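For reference, the chains in residue letters:
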Amino acid sequence: MGRKLLTEHINVEGIETLDVYRKHGGYRSVEKALKTMTPDEVVEEVKKSGLRGRGGAGFPTGLKWSFLAKPEGVPRYLVCNADESEPGTFKDRQLMSKLPHLLIEGMITGSYALGANTSYIYIRGELLYVLRILEKAIAEAYAAGFLGKNILGSGYDLDLYVHPGGGAYICGEETALLESLEGKRGNPRNKPPFPAVQGLYARPTVVNNVESIAAVPVIVNEGGDEYAKIGVGKSTGTKLFSACGHLNKPGIYEIELGLPVEEFIYSDEYCGGIWKGRELKAVVAGGSSVPILPKELILKTAAGENRLMTYESLSDGGFVTGTMLGSGGFIAMDETTNIVRNTWNFSRFYHHESCGQCSPCREGTGWLEKVLHRLVHGHGQMQDIDLLVSVAKQIEGNTICPLGEAAAWPVAAAVRHFRDEFEWHVTHPQEATKAGAIFPGKLVTA
């Protein structure tokens with residue numbers, strides 16, 4: 001296995017406590033940053049590292065930090081997006097519950113770099129047990145002088161709060177999160193202005209994912225250039241993947257970016273192959289919102305090259321033959337999977353979670369669910385398949401936030417790669433609607 005930058009000590013007994021965390025090098029980045037570096041130097045190290053947002057978008061973290069407006073006398077905020085709600089993704093809750101001080105350390109160092117004196121961790125409402133772990137760890141950090149006034153005698157002050165959401169998926173979108181944090185309904189905002197200029201309480205704000213912030217201590221300790229040596233090209237460092245579905249060894253894996261997808265799935269070091277000796281049929285590589293790919297296209301690109309676990313390789317071929325790394329929610333499906341039923345299940349989720357602010361999303365997600373319901377339950381017609389593609393196109397690019405695309409892309413990709421299975425649901429409804437029915441045809445690869 002490759003290097004473990006975030007999870008090296010995750011199984012150490014008591015690592016969630018300050019004392020044990022400190023014995024394993026915890027809070028070194030806070031001491032280094034506050035005593036030997038300026039805020040701009042910390043930002044520069046993050047830029048040099050090539051770290052990209054680990055929540056799904058993959059935008060360069062250091063560049064995002066450099067966009068933060070810094071008007072005199074105006075407070076700034078760092079907000080951690082811990083609203084992990086993407087189906088298939090469960091890495092952040094593991095980091096927070098097992099290594100709460102790693103996230104807190106990242107929040108302190110990141111807040112110092114951005115000039116923030118008040119910061120927030122916005123956590124998914126269902127994760128109350130994690131919230132209690134974080135609050136206990138924050139109390140330890142205050143007691144040890146890593147939070148509060150004049151941290152380590154540096155003159156820098158920081159207060160850190162954990163705020164639970166109400167369980168709305170839409171609040172994973174950064175501006176909806178900020179609305180919720182302000183006590184309002186979690187509806188995404190129009191942009192511009194962007195949060196870097198007018199974010200929380202209309203003040204300059206940076207919103208980063210849990211894993212992104214947890215990588216900051218490693219970068220500050222080791223140096224941005226050293227971090228950038230890990231990985232491939234613009235996909236630097238390590239990445240946590242939530243591997244689930246029909247795998248022999250599902251779980252959370254920290255890998256060096258650049259690992260071949262085939263090795264990740266079949267190697268005994270990682271997922272150990274497909275369960276029960278079955279064949280791989282398809283993979284959703286980055287959480288439910290990214291395009292599904294059949295076996296042939298997830299293992300190899302359309303050009304026949306090995307598909308790698310990187311931002312660039314997974315997106316090779318665009319949405320015609322590629323997908324996205326996304327949040328790292330890696331869902332493997334074996335030959336018994338009903339792709340149409342699975343797509344309907346995803347669509348039910350997005351229809352339910354749409355905030356309803358934008359008509360294309362509010363109405364379109366409902367149409368997708370209804371049409372897929374018809375197909376799954378044996379009432380579909382051939383024109384329904386093209387109707388799905390048409391509705392998806394009318395949603396895409398016509399909404400304030402990316403939830404519309406998140407609902408449209410999986411449907412469009414499923415039809416693109418598995419159209420014959422959709423047609424089977426129309427031509428053989430009695431067979432297709434039986435419990436455990438398996439599509440007998442060949443898999444479509446493009």
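Calculation notes
Per chain, residues are indexed from 1 in the order of the written sequence. Selection of residues for local features in this predicted model requires a pLDDT of at least 70, selection of side-chain atom pairs for listing and counting requires 80 or more, and totals for whole chains, interfaces and linings are taken over all residues. Here the side-chain values reflect all heavy atoms present in the structure, with hydrogen atoms and water set aside. In DSSP terms, a helix is any run of H or I states spanning at least four residues, a strand is any run of E spanning at least two, and both are numbered starting from the N terminus. With the radius of gyration taken over C-alpha atoms, the globule rule is written as 2.2 Å times the number of residues to the power 0.38. Partly exposed residues are those whose accessible area sits between 20% and 50% of the maximum for their type, while under 20% is buried and over 50% is exposed, using a 1.4 Å probe and protein chains only. Contacts are assigned to residue pairs that have any heavy atoms within 4.5 Å of one another. What sets the accessible areas is the Shrake-Rupley method with a 1.4 Å probe; for residues, cover comes only from the shown protein chains. For the purpose of charge, His is not counted, nor are the chain termini; Lys and Arg are scored as positive and Asp and Glu as negative. Note on charges: their place is set at NZ of Lys, CZ of Arg, CG of Asp or CD of Glu. Each pair of strands is called paired provided DSSP finds at least two bridges between the two strands. Inter-axis angles, ranging from 0 to 180 degrees, are taken between N-to-C directions of lines fitted to C-alpha atoms, where helices are fitted over the stretch in contact. Any angle between 65 and 115 degrees counts as roughly perpendicular, while under 35 counts as roughly parallel, over 145 as roughly antiparallel, and the rest as oblique. Only protein atoms enter the 1 Å grid used here, on which a cavity is any set of points holding a 1.4 Å probe that cannot leave and a pocket is any open set flanked by protein within 12 Å on both sides along at least five of seven lines; residues with an atom within 4 Å of a point are listed as lining. Grid points are joined across faces, edges and corners, and a volume is the space filled by probe spheres set on the points. Under the scheme applied, nonpolar residues are Ala, Val, Leu, Ile, Met, Phe, Trp, Tyr, Cys and Pro; charged residues are Asp, Glu, Lys and Arg; polar residues are all the others, including Gly. What the arc describes is the spread of directions from the helix axis to the C-beta atoms. The start and end points of each domain follow an automatic or database-based domain assignment. A quick way to say it: buried area is the sum, across both parts, of accessible area lost when two parts are put together, with a 1.4 Å probe.

Before going further, it helps to examine the overall build of the protein. Secondary structure assignment for the protein yields 20 helices and 11 strands. Relative to its length of 446 residues, the protein is compact, with a C-alpha radius of gyration of 22 Å against a globular reference of 22 Å. Principal axes of the C-alpha set define a box for the protein whose edges measure 75 × 45 × 35 Å. Of all 446 residues assigned to the protein, the portion counted as buried reaches 57%. The contacts of the protein with a sequence gap of at least 6 include a subset with a gap of at least 24, amounting to 69%. For the protein, the computed accessible surface area is about 17,800 Å², with 51% contributed by carbon and sulfur atoms. Charged side chains in the protein number 46 positive and 52 negative. The centres of these two groups are separated by 2 Å.

Moving on: the pairing of strand β7 (residues 238–245). For β7, a buried count of 7 out of 8 residues is recorded, marking the element as mostly surrounded by other parts of the structure. By the bridge criterion, 6 bridges tie β7 to strand β8 (residues 251–256) in an arrangement that is antiparallel. Each residue of the ladder has a partner; that of Leu-240, found in β8, is Glu-254. Between β7 and β8, which pair antiparallel and follow one another directly, the connecting turn spans 5 residues.

A few words now on the packing of helix α5 (residues 91–98) against helix α6 (residues 100–114). Running from N to C, α5 and α6 cross one another at 95°; their axes reach a closest spacing of 4 Å. One element, α5, and the other, α6, form an angle in the roughly perpendicular class. Facing Leu-95, Met-96, Ser-97 and Lys-98 of α5, the residues of α6 in contact are Pro-100, Leu-102 and Leu-103.

Here we come to the layout of surface pockets. A volume near 1,300 Å³ is recorded for the largest pocket. Residue lining of the largest pocket: 46 residues in total, with Gly-55, Gly-56, Ala-57, Gly-172 and Glu-173 positioned closest to the centre. Elements with a minimum of two residues in the lining of the largest pocket: α4 (61–66), α5, β4 (205–209) and α19 (403–427). Looking at the lining of the largest pocket residue by residue, the class counts come to 18 nonpolar, 17 polar and 11 charged. The volume enclosed by the second largest pocket comes to roughly 360 Å³. In terms of lining, the second largest pocket is formed by 20 residues, of which the most central are Leu-5, Glu-8, His-9, His-24 and Val-218. Per element, the largest residue contribution to the lining of the second largest pocket is 4 residues, and it comes from helix α10 (residues 216–222).

Listed as buried for helix α18 (residues 382–395) are Asp-384, Ile-385, Leu-388, Val-391, Ala-392 and Ile-395. Considered in projection along α18, the buried side chains sweep an arc of 125° and stay on one side of the axis. Exposed positions of α18 whose direction lies more than 90 degrees from the buried face are Lys-393 and Gln-394. Of the residues trailing α18, Gly-397 is marked for its positive phi of about 80°.

What follows concerns the sheet that holds strand β3 (residues 159–164). Pairing is parallel across the open sheet formed by 4 strands, whose spatial order is β3-β2-β1-β4. Here the strands that pair on one side only, and so sit at the sheet edges, are β3 and β4. With strand direction ignored, the average angle separating the axes of adjacent strands in the sheet is 20°. Sheet topology note: the strand β1 (residues 77–82)/β4 ladder contains 5 bridges and is parallel. Across the sheet, residue Tyr-77 finds its bridge partner in β4, namely Thr-205. Along the sheet face, α6 touches β1, β2 (118–123), β3 and β4 and points at about 150° away from the line of β1.

Bring the parts together and some accessible area is lost; that lost area is often taken as the interface size. Entries for the protein in the domain assignment read domain 1 (18–229), domain 2 (236–334) and domain 3 (339–432). For domain 1 and domain 3, the distance between their C-alpha centres works out to 36 Å. Taken residue by residue, the interface counts 14 residues in domain 1 and 10 residues in domain 3. Interface area for domain 1 against domain 3, summed over the two sides, is near 940 Å², with a carbon-plus-sulfur share of 65%.

Here we come to the environment of Leu-325. With respect to the secondary-structure elements, Leu-325 resides in the loop between α15 (318–321) and β11 (329–334). Along the chain, Leu-325 and Ser-315 lie 10 residues apart, while their C-alpha atoms are 7.5 Å from each other. Other than its neighbours up to four places away in sequence, Leu-325 contacts Lys-239, Phe-241, Leu-257, Ala-285, Gly-286, Met-309, Thr-310, Tyr-311 and Leu-314.

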